[in-house]
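Letter by letter, the chains look like this.
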Amino acid sequence: QVQLVESGGGLVQAGDSLRLSCAASGRTFSSYSMAWFRQAPGKEREFAAAITSNSGSTRYANSVKGRFTISRDNAKNTVYLQMNSLKDDDTAVYYCAANPIRYSTATDPTSYNSWGQGTQVTVSS
């Protein structure tokens, strides 16, 4: 498993942009597929975006498609989530997660065996 630490959350206004980062420890980061999930107050954790180990494939939830971009830098052991045109509904705790399957963009949380502690994103209007 890898250890994951998210950063970059904060309070922004609707329409603003924010970039989240997730730093991973361990030399095997490049073999993991990665994803971002989010959980709003009173709601279940939901899939946002995923990327394969070689960045060859990505997948997005319909709710963020066209506004969010997931990317990774294997040399820096980091995965990113660029969030543009933020809306009130994007308010949530954002978690990054690691999937030991190299070429997966799974949306089911049970496919991921390592999770970060989360970073809060609050969008105000």
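Presented here is an overview of the structure given in this document.

Remarks on the overall build of the chain
- Assigned secondary structure in the chain consists of 0 helices and 11 strands.
- Its helices and strands taken in sequence order, the chain reads β-β-β-β-β-β-β-β-β-β-β from the N to the C terminus.
- For 125 residues, the compact-globule estimate of 2.2 N^0.38 gives 14 Å, and the C-alpha radius of gyration of the chain, at 13 Å, lies within 12% of that figure.
- Put simply, the chain has 125 residues, and 47% of those count as buried.
- Sequence-distant contacts in the chain: of pairs separated by 6 or more residues, those separated by 24 or more amount to 61%.
- When the accessible area of the chain is evaluated, it comes to approximately 6,200 Å², of which 45% is carbon and sulfur surface.

Section: the pairing of strand 9 (residues 92–99)
- With 7 of its 8 residues buried, strand 9 lies for the most part within the structure.
- Note that strand 4 (residues 33–39) and strand 9 share 7 bridges and pair antiparallel. Looking at the pairing, Ala 35 lines up with Ala 97 of strand 9.
- Here strand 9 pairs with strand 11 (residues 119–124) via 3 bridges, running antiparallel. Counterpart to Tyr 94 in the pairing with strand 11 is Thr 119.

What counts as what
- Note on numbering: residues in each chain are counted from 1, in written sequence order.
- In view of the model being predicted, local features appear only for residues whose pLDDT reaches at least 70, and side-chain atom pairs are presented and counted only at 80 or more, with totals across whole chains, interfaces and linings using the full set of residues.
- The side-chain values count all of the structure's non-hydrogen atoms but skip hydrogen atoms and water molecules.
- Segments assigned H or I by DSSP are reported as helices when at least four residues long, segments assigned E as strands when at least two residues long, and all are numbered from the N terminus.
- To get the radius of gyration, use the C-alpha atoms; to get the globule rule, take the number of residues to the power 0.38 and multiply by 2.2 Å.
- Working definition: with a 1.4 Å probe on protein chains only, accessible area under 20% of the residue-type maximum means buried, over 50% means exposed, and in between means partly exposed.
- The contact criterion used throughout is that any non-hydrogen atoms of two residues lie within 4.5 Å.
- Working definition of accessibility: Shrake-Rupley area with a 1.4 Å probe, residue cover restricted to the visible protein chains.
- For two strands to pair, DSSP has to find at least two bridges joining them.

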